[in-house]
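# Breakdown of the fold
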Amino acid sequence: MATLPDNRPVDLTRPGYSTPVIAPGYNLEQVTAKIANVILTTKIKLGWFGVFIIAFGIMNLLLGAVGYLFVKGTGIWGINIPVGWGFAIVNFVWWIGIGHAGTLISAILLLLKQSWRTSINRFAEAMTLFAVACAGLFPLIHTGRPWLAAYWLFPYPNTMKVWPQFRSPLIWDVFAVSTYAIVSLLFWYTGLIPDVAALRDRAKNPIAKLFYGILSMGWRGSARHWHRYETAYLLLAGLSTPLVLSVHTVVSWDFAVSVVPGWHATIFPPYFVAGAIYSGFAMVLTLAIPIREAFNMKDFITDRHLNNMAKVMLGTGMIVAYGYATEAFFGWYSANKFEFFMIQNRMFGPYGPMYWFLILCNIAIPQSLWFKKVRSNVPVLFLISLVVNVGMWLERFVIVITSLHRDFLPSSWGMYHPTKWDWMTFFGTMGLFMTLFFLFIRVLPMIAIFEMRTLLPQAKVKH
Amino acid sequence: MKPVGIHGVMAEFNTADELVAAGRRAYAEGYRRMDAYSPFPIEALDEAIGIPHTILPWIVFAGGILGGAAGYGLEYWTQVIAYPLVIGGKPLHSWPNFIPIWFETTVLGASIAAVVGMLALNGLPQPYHPVFNIQNFVDHGQNDRFYLLIEAKDPKFKSAEAQSFMTSLNAAGVWEVPN
Amino acid sequence: MAQDSENDLVRIQTTKKDLGLTAEHAREKLSGARGPQYWRSLQELTEDPEFDAMMEREFPRHASEWTDPVSRRGFLKLMSASMALAGLSACTKQPFEPIVPYVQQPEELIPGKPIYFATARPTPNGAYPLLVRSHEFRPVKIEGNPDHPASKSIPQGSYPAELRWGVTDAQSQASVLDLYNPERSQNVTFRGDTRTWGTFVGAIRDAFGAERGRGGAGLRILTDTVTSPTLAAQIKSVLQANPQAKWYQWDAMNRDNARTGAKLAFGQYVDAQYRLAEADVVVSLDADFLSGSHFPGFLAMSRDFISKRKLDLAGGEGEAAKMNRLYVIESQASTTGGKADDRLPMRACDVEQFAGALANALGVGGSNGTVKDDHAKTFLNALVKDLQATRGRSVIIPGEQQSPTVHALAAAMNSTLGNAGKTVLYTEPVEIVPTEQAAGLKELVADMNAGKVTLLVMIGVNPVFDAPSDLKFADAFEKVALRAHVGIYHDETSRLSHWHVPMTHYLESWSDTRAYDGTVSIVQPLIEPLYNGRSAHEVVAVFSENPGVTAYDAVQSYWKAQNKGATFEPFWNRALHDGFMPNTASPARPASARPAASALAPVNDELEIVFRPDPTIHDGRYINNGWLQELSKPITKLTWDNAAIMSFNTAKQLGVKDEDVVTLELNGAKVDAPVLVVPGHPDKTITAHYGYGRTTVGSVGTGTGFNAFLLRTAERSNYAAGVKVTAKSGERWRLALTQHHHLIETKKWKEDVVGSSQVGNEAASRDLVRSATFEEWRRTPGFANEGEHQAPSRDLTLYGEDGYKSWVDDPAKNAAHQWGMAIDMNSCIGCNACVVACQSENNIPVVGKEQVLAGREMLWLRIDTYFTTPNTNDVSNPRAFFQPIPCMQCENAPCEPVCPVGATVHSPEGLNNMVYNRCVGTRYCSNNCPYKVRRFNFLLFADFDTESYKSRNNPDVTVRSRGVMEKCTYCVQRITSARIHAEKETRKVRDGEIVTACQQTCPTDAITFGDITDKNSRVTRMKSNERNYTLLAELNTRPRTSYVAEIRNPNPEIAVTPEDHGHTS
């Protein structure tokens, strides 16, 4: 059992100093130990149990709500004609957006040689997978006949010789999201192999040994393997980068391809992707901050990481703000009756207050990130990340509902009021997400061990 | 005629530097069937023990082409040939609508090719490998030590010579690896 | 209201804020806008602060689910068990007596092939002649009789003689649902216990036997208005045998005023029959003759009236074009007023004054009436000039609910103007024995109180519910020794009666009846009684010498007596086959009215309440009919309820707004009612539709509306001054409107964005309704296709020749036919007949009030109503425009590309098909439908459990299950059967061979359907009309359904500012 290093004081006042991505004084064994022990040796904390039970309880709300939904039909929700899409689609877009940060951090930052990514990419990827799992629920359960939608949306030869209708953005969605889920899983698992190999060799418990043994597939760290491994990982990163951009582009097409004023906008793809990254990083912060507290990982997830993520949020937030501005501008500039009315209705119609609240959450408050003081104030950063999560949900609500509830024929205008089942389903997915995430940090290394090793001075080969 | 019972000779080093240096020496010595083991990737090793560049990128490329062709093919065949329908006044082959899925299947094909290809080339999964017979390797191989292995298959291999050679590299330890 | 409190969905906390609905708001919105203002209701036009409160609570009504616990369907599911026991399927057989099918149909039953039978639906106003479609002996769909003078449609221009059809009204269309209603009473009961018909006859004969000695002095027969010659003859013979016995007729919506008025004018009872096809100027004195079957002769009148407005058919094109002019002076907001060229809203009592003034101005004797404001004076003078100029070609129609004086005045004016005998004929009344019913009922009640009545037999009436409240009928009722009630349902009266006998539905029993013009029809049953019902004939026969006589014998023997000799058989068969007896219309009586002597009622200035039959459920007789309950009433768009309807000025004065509960108090009697503010309603008066608020009623009618009869007295049964209105603070009553659900603007909206007229002007600036005055149309015939809202060029396509160009520019190459529809806004009177016809033809489910509130009504065809003001500042007197919206069957249907499973695709014939089996219910198609014509089964709306309703369904149309999208199909089942028929004869489908359900039933022939590639088809001619336009053309959806812009013909001397047509550009 390794002894943790005495943290020699670092002079933070020294000019030009920036917090390192890993605290000084660690050696290989200590890095491995610190991360692996969370899983292997440390006793399960009562706190962990507490939170897990709560998360699990909330997840059961989802089971209840969906169960009743299957019995009665989508009529238990607040949707109607004209508002045919409600919470289900709002939540879908929100979760899918959150699911973008993980792959983005792993892939794009890897290509950009951002070494600070190494300590957050693992659980960011996990977060991605679980968010996509939550998102994936909605397109299925929001249909009128999910027992058919479950397989009719996939191309398979059948006696009726009918096929999916490939011109529909909803089918594009099916392909984009499932591709994204598969590739993210592969990427995540590939990254895990050397780490589970390390766990395999450390584990005392025979069951754990067997479990990690199977997962590691006999990885032994051979130089020839490392060579191909690095190539594969780099290629995956290269492939995931356009993929991650394409996924939310396709999601935005679910709206942009329609004729509905407020949906039918060319700005949607970039503006949705930026929004996705925005909410994704917000969620990473929301998770990272408590975790590094709970598991004493401050040395690995340093203030530098938080700082950088805050900067990314600020940047993407500005792009999103530009998106809102463009929408409003074209509402007027297009001189299109329906567009103009839509933007007025969005701002000052029945749902106006939600629009302004989303502007507050997504644009006004995040401006504070310009200041280093705010970026380095962890509690404030945490709050801002929560605010942005809320704001991004509101954005989707505003886009979906306000565009639908008053479209072309005034005679068909209506209102949308979510029911308790809508809310249960929404919160339920949060429960599902947290449940999966808490299982993950108990079972798999939340930080990529072998990549952390490469950050150590010992890892630098001089000649 | 080499002894059947031996997989090779393995030496343990404390730092990556020593390993790379040892690798170079062994290569200069004329050993070719070598392998090195480290808890994290070390690029310098590639040229040190002469690892050829992998063909993986070509496999990935092929996977991408295959996926893309399959995707667009499916769309064209189902919408134009198998079950043509007039949809919203669009032509049967309304190609702009076919692009997104073509893209997704391309990426999917390439990605799967990348992972499966990597594992296949590495011969994984592999339930048993002789190096795990060395307890030190099991304890430290995936953690904080570095190992060089000269395989018995190497034409120049003689167990005793190899061991003495390794020792001369001031390795932390040298073992004969049984099969 | 009780049921309401159980359900917090329907109840929302009221806000303490003051009322937002004010004339000022509305005006300031409207002023400053160019062109006419179309808006949908006053809530939209003015902002309502309630929304702010709603936002504070963020989401009101955390509605668990939009179904009420004891739902209609729930109840009927229970019923299904008993229905199964009743073994209904076994009951669906034809009557034993020979019935005669209609022309061109196979005489024998071919499974899957429907058979048509002619019959008639008797109503107090005269029968509606019908042609009923029967599948495997099950009457399924009601159509009008094509040959009957009262129901034949407008001459179909170019159509060959055999291609013609009959028209009907909403109530006739819906009546088939009542036949199968499992809640109909099914057994003879004595004090609630089941008895046999035999015991009933025995008991009654005993009681009657005692009376015999005293000439039946204790016997009273109370029926509804009898238009059946046979029944009348039967009753008369009973009365002859028992001279002391008495017979009374009672209908809540009786015609006493018309009768009394006729007495005043002619000294005898007459029916006025209006020949609107001859009239160039029509003046309605509160006569709502366009809105439905509660007005005598509705079908013929609306048909003839509109035939004078079909500029392309009747009037001829261009310079030759002529158009009649409709003046409406009315005390409510009706479709008739909405269609008026010049309209003058005023209280009902002021109408009498106006009539007096008009009569005076026309040189008819009698006392002069006072006309208050200047606008009314202008109106009056212009009207007089117009009438003077069109002597003999004008007609003045008094409203059924107007006072006898007005009827007399109208008669006098018509004679003076030389209209009598030309545009109005006076004939013998439609009922066999015309009476003044209220007087009769009074007499009966007096006798009952005096204990003179020992045996009271009530046939098809519900006096305990609908008798004038001041008669205290129920109290007197208790004093009668033996009370027998015969009715289709258990009702308030049957509950207080000793005996109840289930009555037959008109589709179940033989009878005869007269249409409003006197033409006699034999009511031919299509099915054996489902629930052991007995017809009125059988019940009356109990009091005759041979009690056992069947309805068939009674009717046949009566007509045998009328036609002596061997000619009877052919005569009888002909009558059954045609559905009526030719040349039996009542001859016109050479009557000239004497100047009305009677004085006008004194002018008062009090708040007035007007009682009207409900537009859908009439006097409550149809309250158990789900189709009619869910049918949104014209103008108000209200379903499942009635309301205290008032103008917003009145609402403002009373300090109430929509859905507030108020207590209406009239000489002691009180009733709670929800407020509904309606544009165009006159000030200082409240319209209350009676028929709702019943206590003993089926599950469909339970808890719907309030009982206006509680306020209605014998003396003042149509309108009464001095009603007191007090708001019950805190109480709300959700009203399910099908248009304008919860459309509430925030304060911010009005102040910051709209400023003036944005909201009010939405519909106008979107150019959905395009209209012009007759003069403007003459100047710019192409007005409907000016402006920015035009379809882009077909060359604007990414695909070049492969795109829709290829098959839209040359559609014929895809299929033999390309279907299209044209809807003539000029002809649509918003009577709703098409909506019910569609529901009946296509098995459209009823969803209930909660679902309508949630915005989930399922009707495939809806009638959008928009209002506009000729004078942009006068929001109190708008014009209404009725726009039926079926599926547009777009050539570039936006719904199709977004469906992931290809459940909605295009047919080669240009139909936008919906494949129910394939639909998974993503609802994207509905989101992407600019016209919102798609309907989704959010829950299991279709009734799969009730046996009897299964028999009602049209076997040619799928019954849709939960989670499936559905919509108008242009009645694809009718198209297909016609195509098959044509293919068998190896020819193309002829124009007019396919008639959609909505088109077929339309009294005014507003809907035309056909092949748009056929240059000679009527639909092509309609579409080639310069006024033809499509909705939202700029979206390039290329709808196959198009609209013909409406032309109004206002009197230039009245219109304050000439109406500018629908363009703001």
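Here's a quick rundown of the structure. Residue numbers restart at each chain and count upward from 1, following the sequence in its written direction. For this description, chains carry letters from A and ligands carry numbers from 1, given in the order in which they are written. Reporting of local features is limited, given that this is a predicted model, to residues whose pLDDT is at least 70; pairs of side-chain atoms are given and counted only at 80 or more, and all residues count toward the totals for whole chains, interfaces and linings. As a convention, hydrogens and water are excluded, and side-chain values are obtained from all of the structure's heavy atoms.

## Description of the overall build of chain C
Helices and strands together make up the secondary structure of chain C, namely 35 helices and 39 strands. Every one of the 1065 residues in chain C was classed for burial, and the buried ones make up 69%. In what follows, residue pairs with any heavy atoms lying within 4.5 Å of each other are defined as contacts. For chain C, restricting intrachain contacts to residue pairs at least 6 apart in sequence, the fraction spanning at least 24 positions comes to 76%. Within the structure as shown, chain C displays about 32100 Å² of accessible surface, and the carbon and sulfur contribution to it stands at 54%. Here a helix means four or more residues in a row that DSSP labels H or I, a strand means two or more in a row labelled E, and each is numbered from the N terminus. Classification of residues uses two cut-offs on accessible area relative to the type maximum, computed with a 1.4 Å probe and protein chains only: under 20% is buried, over 50% is exposed, and between them is partly exposed. In this description, accessible areas are obtained by the Shrake-Rupley approach with a 1.4 Å probe, and a residue is regarded as covered only by the protein chains that are shown.

## A short note on the packing of aromatic side chains
Residue and element names in this part refer to chain A. Stacked, edge-to-face and tilted labels apply to pairs of Phe, Tyr and Trp rings (six-membered ring for Trp) whose centres lie within 6.5 Å, assigned for plane angles under 30 degrees, over 60, and everything in between, in that order. As enumerated under the stated definition, the model contains 87 aromatic pairs over all chains in all. Between Trp188 and Phe440, the aromatic rings sit 5.9 Å apart at their centres with planes inclined by 50 degrees, giving tilted as the arrangement. Of this pair, Trp188 sits in helix α7 (residues 169–202) while Phe440 sits in helix α16 (residues 420–443); the two residues are 252 residues apart in sequence, bridging distant segments of the chain. Grouping residues by exposure puts Trp188 and Phe440 together as buried. Aromatic pair Tyr229 and Phe450: ring centres 5.9 Å apart, planes at 80 degrees, arrangement edge-to-face. Note that Tyr229 is positioned in helix α9 (residues 223–256) and Phe450 in helix α17 (residues 449–455), a separation of 221 residues in sequence. Neither Tyr229 nor Phe450 differs from the other in exposure class; each is buried.

## A few points about the interface of chain C and chain A
Each partner contributes to the interface: chain C provides 73 residues, whereas chain A provides 72 residues. Approximately 6100 Å² of surface area, both sides summed, lies buried where chain C meets chain A, with 60% of it carried by carbon and sulfur atoms. We define a salt bridge as a contact between a side-chain nitrogen of Lys or Arg and a carboxyl oxygen of Asp or Glu at a distance within 4 Å. In this assembly, chain C and chain A are joined by 1 salt bridge. We note a salt bridge from Asp407 of chain A to Lys932 of chain C, for which the minimum N-O separation is 2.7 Å. Here a polar contact is recorded for every N or O atom pair within 3.5 Å, except that within protein the pair must consist of a potential hydrogen donor and a potential acceptor, and residues adjacent in sequence are included only if both atoms are side-chain atoms. Run the count over chain C and chain A and you get 33 residue pairs in polar contact (both at pLDDT 80 or more). Counting only elements with at least two residues in the side of chain C that touches chain A, the list comes to α4 (50–56), α25 (747–754), α26 (758–765), β30 (862–868), α31 (924–927) and β34 (935–936) of chain C. Put simply, buried area is the surface a 1.4 Å probe can reach on two separate parts but cannot reach once they are joined, added for both.

## Topic: the sheet that holds strand β26 (residues 724–732) of chain C
In sheet architecture, strand pairing relies on hydrogen bonds along the backbone and comes in two forms, parallel and antiparallel. Residue and element names in this part refer to chain C. Following DSSP output, two strands are said to pair if at least two bridges run between them. Here we have 7 strands laid out as an open sheet, ordered β25-β19-β24-β21-β23-β22-β26, and mixed in their pairing. With one partner strand each, in any of the chains shown, β25 (719–721) and β26 form the two edges of the open sheet. Sheet twist, expressed as the average angle between the axes of neighbouring strands with direction ignored, equals 30 degrees. In the sheet, strand β22 (residues 660–666) pairs with strand β23 (residues 669–677) via 6 bridges, with the strands oriented antiparallel. Each residue of the ladder has a partner; that of Val662, found in β23, is Ala673. For helices, the fitted axis covers only the stretch in contact; all axes are lines through C-alpha atoms, and the angles between them, taken along N-to-C directions, range from 0 to 180 degrees.

## Focus: the packing of helix α3 (residues 56–82) of chain B against helix α4 (residues 99–121) of chain B
Residues and elements named next belong to chain B. Relative orientation of the contacting elements α3 and α4 amounts to 145 degrees, with a least axis distance of 7 Å. As α3 packs across α4, the resulting crossing turns out to be right-handed. Residue-level contacts link Leu56, Ile59, Val60, Gly63, Gly64, Gly67, Gly68, Gly71, Tyr72 and Glu75 of α3 to Ile101, Trp102, Thr105, Thr106, Gly109, Ala110, Ala113, Ala114, Gly117, Met118 and Leu121 of α4. Crossings are assigned a handedness: left-handed for a near helix turned anticlockwise from the far helix by less than a right angle, right-handed for a clockwise turn.

## Digging into the pairing of strand β6 (residues 219–223) of chain C
Residue and element names in this part refer to chain C. Most of β6 sits inside the fold, with 5 of its 5 residues counted as buried. Burial of the side chains of β6 extends over both faces: Leu219, Ile221 and Thr223 are buried on one face and Arg220 and Leu222 on the other. Sheet topology note: the β6/strand β14 (residues 455–459) ladder contains 5 bridges and is parallel. Across the sheet, residue Arg220 finds its bridge partner in β14, namely Leu456. Bridging between β6 and strand β7 (residues 246–249) involves 4 bridges; their strand directions are parallel. Bridge pairing links Thr223 to Gln249 in β7. When the strands point away from the viewer, a crossover counts as right-handed if the path from the first strand over the helix to the second runs clockwise. With helix α9 (residues 229–241) bridging β6 and the parallel β7, this β-α-β connection has right-handed handedness.

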